[in-house]
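Here are the chains, one letter per residue:
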Amino acid sequence: MRMVVQIAFIVLGLAAAAALMLWDNGVPDAAAHRVVPPQAIPMAVMGDSNSHAYQDRLNFSVESGERGGVNQERSFNWVEVLARLRGKEIDLGPWVTWGRSGVMVRVLDLLHLPVGRAPRKEDYLYNFAFSAMGCKELMEGKFRQAPRLVALMDREPERWRRGVVVIRTGLGEWSQFMELQAKDPDAPELQPVIDGCVKHIGDAIRLIHASHPATRVVVVGVVNEASDPLYFDRWRSGLEFGNIEKALGRLNGALRQLTEAQPNTLFFDDQAWVLERWGSRPPDGMPVYRTVTIGGTLRVTNTAGDGPNHAMMEDHHAGLAYNALWAQSLVSRLNAGFGLSLTPITDQELAGFVLPLAEASLRAPGS
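Just so it is clear, the structure is predicted and the values come from calculations on it, not from any experiment.

Novice: It is not clear to me how the sheet that holds strand 7 (residues 265-268) should be interpreted in this structure. Could you clarify?
Specialist: Strands pair in a sheet through their backbones, by hydrogen bonds, and they do so in one of two ways: parallel or antiparallel. The strand order across the open sheet built from 5 strands is 2-1-5-6-7, with neighbouring strands paired in parallel fashion. With one partner strand each, in any of the chains shown, strand 2 (90-91) and strand 7 form the two edges of the open sheet. Here strand 5 (residues 164-168) pairs with strand 6 (residues 216-220) via 5 bridges, running parallel. Across the sheet, valine 166 pairs through a bridge with valine 218, a residue of strand 6. Relative to strand 1 (residues 41-47), helix 5 (residues 145-153) is tilted by about 160°, and along the sheet it contacts strand 1 and strand 5.

Following this line, the structure appears as C-alpha cells:
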C-alpha cells in the first residue's frame, strides 16, 4: 500500500511538472504583452453555443457539417463578427488554440495549478463560452467558466477596469421544459430552473466584481425557443404559444431584476430583440415571421438552412445575417447602457460585410 501511494505521488508530481511547463504555451503572457490599440475595450464572453466560435476547427471540423456545413468558413457568430468589424475598438484577445480537456483538468485542479480555459478550443483568448454548457457551468463543475476567466483577467487588472464581460447562457436548461411551459406557465417545476440561473449568473457577476469592480457586465436574456424553425410544427395554438411566452417572461424578469441590483451591470433583452427583428407568432399560434432585407438584396427569413438567406443554420444555430444584426444591436446597447463611444455599426457597413460572404456562399458547390 505504501508503495502504491508513493507511485501515485510520483505520477502527480510528473503531471505537475508537465503542467507548469506546458499548461498554456505562454498564451496569456504573450497576450498581455502584445500590441493592442490603447483605447480598445477588452471584452470577455461566457456562455454556450450561441457564443462559441464557429471557426473552432478543434470542435467543429469541416467534415462534421456543423456551423454552416459547406459554408462554414463564411459563417460567423456574433463574437467573430465583432472581431472583424470592431477589432480596433473591442479586444477579444488573440485567436488561439488554448485550454485543457479531459482528465488533465481534474488533475490540475487537484494540484491547485492553473488550467486556463476549459475545455480546450480554438477561439479568441477571452471567449470562454462552450457548446452545451448552461448556467451551472459558470460557477460549478470542472469547467467553471467564471473562476477561470477571472484568473485570466487578474493578469491585466488595469486593462479590465474599462473591460466588458458578456454572459449569454440559460437557453439549454430552459428549452428542456418547453412542453411544460406550453401547458402551465406557472408550473412549480420551472422555478428551480429560474432560481438556478439567477444564482449562478449572480455569483459569476459578484466574482468578477470582487476583483474587478469597474468591469462592466452584460447579461443576455433567453429567447423563445418556439421561434426556432425546428419547432414550427409544435405549439400551434395561441394558448400554448402564449403560455410559453408568459413562462419566459418569468425567467427574463428575474434576470432583469438581478442585473438592476448589481453595479456596472445591464440586461440585454434578447427576446425583445427577436420580436423587433423577426416578429412572433400571431394570436392563432401559427408560425408567421417577417423577412429581413440586408443591403436591399439579401432577403433573410426565419427558416433553417446553411445558405445565407436563412436566419438559422441546419444545426439550428444563428446564421451569418442573424449574428451580424445581433452584433450591431449589442454595440448600440453598450453605448446606450454604459455610455461607451464605440463606433455604431451602420446598416451600410453591415451590408458591406454580409453581402460578399453571402454571394460567395450562394456560388459555393452544394449550397
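Now that the structure has been shown, the text picks up again.
Novice: Would you mind showing me how to read the sheet that holds strand 9 (residues 298-304) here?
Specialist: Strands sit in the order 8-9-10 across an open sheet of 3 strands; the sheet is mixed. A strand with exactly one partner marks an edge of an open sheet, and here the two such strands are strand 8 (292-294) and strand 10 (310-312). Mean inter-strand twist for the sheet, computed between neighbouring axes without regard to direction, equals 40°. Pairing of strand 8 with strand 9 involves 3 bridges; the strand directions are antiparallel. The residue of strand 9 that forms the bridge with threonine 293 is arginine 299. Lying over the sheet, helix 11 (residues 320-338) contacts strand 8, strand 9 and strand 10, oriented at roughly 85° with respect to strand 8. Sheet strands in contact with helix 12 (residues 347-363) are strand 8 and strand 9, and its direction is about 90° off that of strand 8.

Novice: Looking at this structure, how should I read the state of the cysteines?
Specialist: As used here, a disulfide is simply a covalent bond connecting the sulfur atoms of two cysteines. In total, this model carries 1 disulfide according to the counting rule given. The disulfide partner of cysteine 135 is cysteine 197, and the S-S distance across this bridge is 2.0 Å. One disulfide, between cysteine 135 and cysteine 197, carries an S-S torsion of 85° and so falls in the right-handed class. One end of the pair, cysteine 135, is in the loop between strand 4 (121-124) and helix 5; the other, cysteine 197, is in helix 8 (residues 191-211), and 62 residues separate them in sequence. Accessibility expressed as a relative area gives 1% for cysteine 135, which makes it buried. Given the relative accessible area of 4%, cysteine 197 is considered buried.

Novice: Honestly, helix 10 (residues 270-278) in this entry has me stumped. Any pointers?
Specialist: Structurally, the α-helix is built with 3.6 residues per turn, so residues lying three or four positions apart point the same way. Along helix 10, the residues classified as buried are Asp270, Gln271, Trp273, Val274 and Trp278. Down the axis of helix 10, the sector holding all buried residues measures 155°, keeping them to one side. In this structure aspartate 269 caps helix 10, since a side-chain oxygen of it lies 3.4 Å from the backbone nitrogen of glutamine 271. Following helix 10 by one or two positions, glycine 279 adopts a phi angle in the positive range, close to 85°.

Novice: Honestly, the pattern of salt bridges in this entry has me stumped. Any pointers?
Specialist: Two side chains carrying opposite charge are able to pair once their charged atoms lie near each other. Within this structure, the stated rule accounts for 13 salt bridges. Arginine 34 serves as the salt-bridge partner of aspartate 91, at 2.5 Å between the closest nitrogen and oxygen. Remark: arginine 34 occurs in the loop between helix 2 (27-32) and strand 1 and aspartate 91 occurs in strand 2; sequence separation between them is 57 residues. Linking arginine 159 and aspartate 91 is a salt bridge whose minimum nitrogen-to-oxygen distance equals 2.8 Å. Taken together, the residues span a long stretch of sequence, with arginine 159 in the loop between helix 5 and strand 5 and aspartate 91 in strand 2 at a distance of 68 residues. What makes arginine 159 buried here is its relative accessible area of 15%. Among the charged side chains, a network of salt bridges with common partners joins Arg34, Asp91, Glu156 and Arg159.

Novice: Teacher, can you tell me more about helix 3 (residues 78-85) here?
Specialist: Among the 8 residues of helix 3, 7 are classified as buried, and the element is accordingly described as predominantly covered. What helix 3 keeps buried is the set Trp78, Val79, Glu80, Val81, Leu82, Ala83 and Leu85. Measuring from the backbone nitrogen of valine 79 back to the side-chain oxygen at the start of helix 3 gives 3.2 Å, which picks out asparagine 77 as the cap.

Novice: Looking at this model, I keep getting lost on the packing of helix 10 against helix 11. Mind explaining?
Specialist: How two helices sit against one another is set out by the angle between their axes and by the gap between those axes. Helix 11 packs onto helix 10 with a crossing angle of 120° between their chain directions and a minimal axis gap of 12 Å. The orientation of helix 10 relative to helix 11 falls into the category oblique. Between helix 10 and helix 11 lies a crossing of right-handed hand. Two secondary-structure elements touch here, helix 10 through Asp270, Trp273, Val274, Arg277 and Trp278 and helix 11 through Tyr322, Leu325, Trp326, Gln328 and Ser329. Class assignment of the residues belonging to the contact of helix 10 with helix 11 gives a composition of 6 nonpolar, 2 polar and 2 charged.

About the thresholds
- Residues numbered from 1 in each chain as written.
- Predicted model: local features only at pLDDT ≥ 70, side-chain atom pairs only at ≥ 80, totals over all residues.
- Heavy atoms only, no water.
- Pairing = 2+ DSSP bridges.
- Helix = DSSP H or I, 4+ residues; strand = E, 2+ residues; numbered from the N terminus.
- Contact = heavy atoms within 4.5 Å.
- Axes fitted to C-alpha atoms, helices over the stretch in contact; angles between N-to-C directions.
- Disulfide = S-S within 2.5 Å.
- Buried < 20%, exposed > 50% of the residue type's maximum accessible area, 1.4 Å probe, protein only.
- Arc of directions from axis to C-beta.
- Polar contact = N/O pair within 3.5 Å; in protein donor to acceptor, adjacent residues only side chain to side chain.
- Salt bridge = Lys/Arg side-chain N within 4 Å of Asp/Glu carboxyl O.
- Parallel < 35°, antiparallel > 145°, perpendicular 65-115°, else oblique.
- Left-handed = near helix turned anticlockwise from the far one by under 90°.
- Nonpolar A, V, L, I, M, F, W, Y, C, P; charged D, E, K, R; others polar.

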